[in-house]
Amino acid sequence: MSIFQKTKSMFHLPEGVIYLDGNSLGPLPKATPEKVGSMLTQEWGDMLITGWNKADWMGQPARIGDRIGKLIGAPAGYVVMGDTLSIKVYQAVASALELNQSRKVVLSDNGNFPTDLYMVDGLLKSLNNGHELRLADPENVEAELSEEIAVLMLTEVDYRTGRKHDMKTITEKAHALGIIVIWDLAHSAGAVEVDLTACDADFAVGCTYKYLNGGPGAPAFIYVAPKHQNNIRPALSGWMGHASPFAFDLDYQAGAGIERMRVGTPPVIALTALEASLDIWDMVSMADVRAKSIQLCDLFISEVEARCPNLELASPRDGNNRGSQVSFKFEHAYAGMQALIANGVIGDFRAPNSMRFGFTPLYIDEDDVVGAATILERVINEKLWDNPQYQTRSRVT
């Protein structure tokens, strides 16, 4: 049995379903219910409040942060868990701006996930100090770098198309101009090889409910480079980021290192669920995952283009320039995806006209890819999408 056959057996995958939406919500590891159940009964149930010490709930955000760090090229002690990705974006941008106070521009690209841009816009309006959020076309980001830019904030892998920025090259060019760089790894962690240390990233943030299979609403993470950890001021100075939380000092004193980026009480149950998935990730190397991912995506592109010539590839054809997902443009993309789901293949729709498919080698194999393409062929070519029941949009698309 190959390593990926073994990992596939460790996920709860409903019979008759090919799941190609792990880039939006990863499936349930079979070990999660037992692991969470044990925590609920043996720790919360039996230990009650003493679990903060006896079960080391207090140390969980840093302990799990170190496990995430192994997947993104961060040494132990530089990643911490907690809160949501939106909160972590806010923290990173606020701290980064204070490291570059003489400059007033935050640069991002117009393909970035909207919530990142919303959080920056809200922060800059609150600061009310002449800051500007500037957006470039993704392919023009490097050309827009200049000495007036304080912070560059980019998502490495585009959520719609899978287009991948060159993290190392862009970071080097930005640093040469004195720019602080933040990377959003929402579609990178667990999908592509990331080496934050080698790339010399200043900050990185990401979520754990996609490729890392932490479950809906699973907590986010933040990375701060060693050179910044004890120099940054946390804008969200919550009690868990205090140097001595239980001194109940009325004056805030930032904790040492990455601990200062903690905000509120850690979500212990959710973090425990995430641990069950990380046990699976400990079994594989990101190099092997990435190589298999490119192979599966390439196979899907080949199969779909041969079967559905009226679909237009929206993702980069070269796997090295693409994350672990493939998107096709289709005039009736929403209805097409609903028909596909009804026929046993779960992907998702992204406005305005993209059918998006995620490929995670931990539980997706070649048979799944060919099977999905075969069903997609029937949905498109037999116009199964042209049914009123697939036209009405749900709240979550």
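Every chain is numbered on its own, with residues counted from 1 as its sequence reads. Given that this is a predicted model, residues contribute local features only at a pLDDT of at least 70 and side-chain atom pairs are listed and counted only at 80 or more, while totals for whole chains, interfaces and linings are drawn from all residues. Where side-chain values are given, they derive from all heavy atoms of the structure, hydrogens and water being excluded.

**Quick notes on the packing of aromatic side chains**
Pairing of aromatic rings covers Phe, Tyr and the six-membered ring of Trp, with a centre-to-centre limit of 6.5 Å; geometry is then stacked below 30 degrees between planes, edge-to-face above 60, and tilted otherwise. If you walk through the whole model with that rule in mind, you get 11 aromatic pairs. Relative to W57, the ring of W52 lies with its centre 5.3 Å away and its plane at 85°, an arrangement referred to as edge-to-face. Burial classes follow relative accessibility: with a 1.4 Å probe on protein chains only, a residue under 20% of its type's maximum area counts as buried, one over 50% as exposed, and anything between as partly exposed. The exposure class assigned to W52 is partly exposed, which follows from its relative accessible area of 23%. Taking the relative accessible area as the measure of exposure, W57 reaches 7% and is therefore buried. Ring centres of F300 and F328 lie 6.2 Å apart, and the angle between their planes is 65°; on these two criteria the pair is classed as edge-to-face. Linking F300 in helix α11 (residues 286-307) with F328 in strand β12 (residues 325-329), this pair joins segments that are 28 residues apart in sequence. No difference in accessibility class separates F300 from F328, as the two residues are buried. Comment: elements are numbered from the N terminus, with helices defined as DSSP H or I runs of at least four residues and strands as E runs of at least two.

**Some points on the side chain of R290**
Relative to the helices and strands, R290 is located in helix α11. Two residue types count as positive, namely Lys and Arg, and two as negative, namely Asp and Glu; His and chain ends fall outside the count. One speaks of a salt bridge when a side-chain nitrogen belonging to Lys or Arg is within 4 Å of a carboxyl oxygen belonging to Asp or Glu. Buried charged residue R290 carries no salt bridge. Nearest counter-charge: E193, at 5.8 Å. For this analysis, residues touch if any pair of their heavy atoms sits within 4.5 Å. Excluding residues within four positions of it along the chain, R290 makes contact with K164, A191, V192, E193, G319, N320, R322, G323 and S324.

**Observations concerning the pattern of salt bridges**
The final tally for this structure, using the stated rule, is 25 salt bridges. As a salt-bridge pair, D282 and R67 come within 2.6 Å of each other at their nearest N and O atoms. Residue D282 is found in the loop between α10 (268-281) and α11, and its partner R67 is found in helix α4 (residues 60-72); the two are separated by 215 residues along the sequence. Note on D282: relative accessible area 49%, which makes it partly exposed. A salt bridge links K173 to E142; its shortest N-O distance comes to 2.6 Å. With a gap of 31 residues between them, K173 in helix α8 (residues 167-176) and E142 in helix α7 (residues 141-144) connect regions that are remote in the sequence. Classification of E142 by relative accessible area gives partly exposed; the value is 32%. Through salt bridges with shared partners, one network takes in K35, R67, D279 and D282.

**Description of helix α2 (residues 32-47)**
All buried positions along α2 are accounted for by T32, V36 and M39. Residues of α2 that are buried make contact with β3 (28-29) and α10. Downstream of α2 by one or two residues, L48 has phi in the positive range, about 55°.

Structural measurements only, silent on function.
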